[in-house]
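Residues per chain, in single letters:
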Amino acid sequence: MTKRINSKHKIDRRLKINLWGRPKSPFNTRAYGPGQHGQSRQGKPSDYGIQLQAKQKLKGYYGNINERQFRNIYKKATMQKGDTGENLIGLLERRLDAVVYRARFSTTIFSARQLINHGHVKVNGKKVNIGSYMVSEEDTIEIRDKSKQLAFIDIALANKERETPEYIQLDEKNKKVTFVRTPKFEEVPYPVVMEPNLVIEYYSR
C-alpha cells in the first residue's frame with residue numbers, strides 16, 4: 001500500500017466516516033478510529049469538538065489540505081460578499097485538483113493532485129502544475145495531448161462511482177472540461193454531510 005493510499009485510509013478511520021463514499025474504504029469494515037484504543041474512544045463531543053470535526057472533514061475531503069492553506073481559503077471567503085460558508089465551498093470547488101477530480105480524470109482527489117503535479121493538465125491551453133490553482137468561470141481544463149493515452153485516466157473515466165456535476169461540462173472524448181460556474185453548496189455532490197457553517201464557527205472563536 002502506497003503512502004498516499006495509506007494516508008487516505010487513515011483519514012477515513014480517524015474521522016470515523018467513509019469520507020469519499022468509496023466501496024474500498026476500510027471504515028466500511030472497521031467503523032472505529034485507528035490505533036490501539038480506537039474502539040474504546042467514546043463520549044459526547046463538545047461544541048468545539050463538533051466544529052473541529054467539521055473542519056477536519058472538509059480539509060480531508062479536498063485532499064487533506066494543510067492548515068495554513070485552509071485558513072487562507074477561509075480568510076478569502078470572509079472577504080467576499082455573501083454567505084461565508086457558501087464562499088468557502090465555492091473557493092474549494094475552484095481548486096484545480098478539485099475540478100480534475102470532479103471531471104473524473106482521476107479516481108481520488110489525491111491522484112488528481114498528482115496528475116497536476118506531474119504536468120499532465122492544462123488550463124486555457126497552458127500547463128499548470130499547482131493543485132491549489134484557482135480556476136475561473138468558463139476556464140477550460142484539459143489533459144495534455146501527450147498524456148491523453150494514460151491508462152489510469154481512461155480507467156477513472158470508465159468508473160461509475162461518481163457523476164460529473166452540472167457546473168462542470170465534460171467532453172469525455174477529448175478529455176476536456178469547462179468550469180461553467182462556481183457551484184452553490186447544495187449542488188456539490190458530497191457523499192457525506194458537510195457543515196461549512198460549523199467550520200466558520202470554528203475559525204470565528
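Residues numbered from 1 in each chain as written. Predicted model: local features only at pLDDT ≥ 70, side-chain atom pairs only at ≥ 80, totals over all residues. Heavy atoms only, no water.

A general trend in soluble globular proteins is that nonpolar side chains are found buried together. In terms of nonpolar packing, the biggest core is built from 47 residues, with Leu 58, Tyr 62, Leu 96, Val 100, Phe 105 and Ile 141 touching the most fellow members. Among residues more than four places away in sequence, those in contact with Phe 105 are Val 100, Leu 115, Ile 141, Ile 143, Ile 153, Ala 156, Leu 157, Leu 170, Lys 175, Lys 176 and Val 177. (Core = buried A, V, L, I, M, F, W, Y, C linked by side-chain atoms within 4.5 Å. Buried < 20%, exposed > 50% of the residue type's maximum accessible area, 1.4 Å probe, protein only. Contact = heavy atoms within 4.5 Å.)

Before going further, it helps to examine the packing of helix H4 (residues 84–93) against helix H8 (residues 196–203). Taken N-terminus to C-terminus, the directions of H4 and H8 make an angle of 105 degrees; their axes are 8 Å apart at the nearest point. In terms of axis orientation, H4 runs roughly perpendicular to H8. Contacts between H4 and H8 involve Thr 84, Gly 85, Leu 88 and Ile 89 from the former and Pro 196, Asn 197, Val 199 and Ile 200 from the latter. Here the contact of H4 with H8 is composed, by residue class, of five nonpolar, three polar and no charged. (Axes fitted to C-alpha atoms, helices over the stretch in contact; angles between N-to-C directions. Helix = DSSP H or I, 4+ residues; strand = E, 2+ residues; numbered from the N terminus. Parallel < 35°, antiparallel > 145°, perpendicular 65-115°, else oblique. Nonpolar A, V, L, I, M, F, W, Y, C, P; charged D, E, K, R; others polar.)

Attention now goes to the pairing of strand E3 (residues 140–143). One ladder, built from three bridges, connects strand E1 (residues 121–123) with E3; its direction is antiparallel. Bridge pairing in E3 links Val 121 to Ile 143. Looking at chain direction, E3 and strand E5 (residues 176–179) are connected through three bridges and run antiparallel. Following the sheet pairing, Glu 142 is matched in E5 by Lys 176. (Pairing = 2+ DSSP bridges.)

Under the definition given, this model contains nine aromatic pairs. Each ring, one from Tyr 62 and one from Tyr 190, has its centre 6.3 Å from the other, and the planes form 85 degrees; the classification is edge-to-face. Taken as a pair, Tyr 62 in the loop between helix H2 (47–61) and helix H3 (67–79) and Tyr 190 in the loop between E5 and H8 lie far apart in primary sequence, 128 residues in all. Its relative accessible area of 1% is what places Tyr 62 among the buried residues. Between the aromatic rings of Tyr 167 and Phe 179, the centroid separation amounts to 6.5 Å while the plane-to-plane angle is 80 degrees, which identifies the pairing as edge-to-face. One end of the pair, Tyr 167, is in the loop between helix H7 (151–158) and strand E4 (168–171); the other, Phe 179, is in strand E5, and twelve residues separate them in sequence. Among the residues examined, Tyr 167 registers a relative accessible area of 1% and is labelled buried. Among the aromatic residues, those joined into a cluster by ring pairs are Tyr 48, Phe 70, Tyr 74, Tyr 202 and Tyr 203. Sitting over the ring of Tyr 190, Arg 102 keeps its end group 5.9 Å from the ring centre. Looking at Arg 162, its charged tip hangs above the ring of Tyr 101, at a distance of 3.8 Å from the centre. (Phe/Tyr/Trp six-rings, centres within 6.5 Å; stacked < 30°, edge-to-face > 60°. Lys NZ or Arg CZ within 6 Å of the ring centre and 35° of its normal.)

A few words now on the pattern of salt bridges. In the structure shown here, the tally under the stated rule is nine salt bridges. For Asp 97, the salt bridge identified is with Arg 95, shortest N-O distance 2.9 Å. Arg 95 gets classed as buried once you look at its relative accessible area, which sits at 3%. A salt bridge links Glu 187 to Arg 181; the nearest nitrogen and oxygen atoms lie 2.8 Å apart. Classification of Glu 187 as partly exposed rests on a relative accessible area of 28%. The structure contains a network of salt bridges with shared partners spanning Lys 55, Lys 59, Glu 67 and Arg 71. (Salt bridge = Lys/Arg side-chain N within 4 Å of Asp/Glu carboxyl O.)

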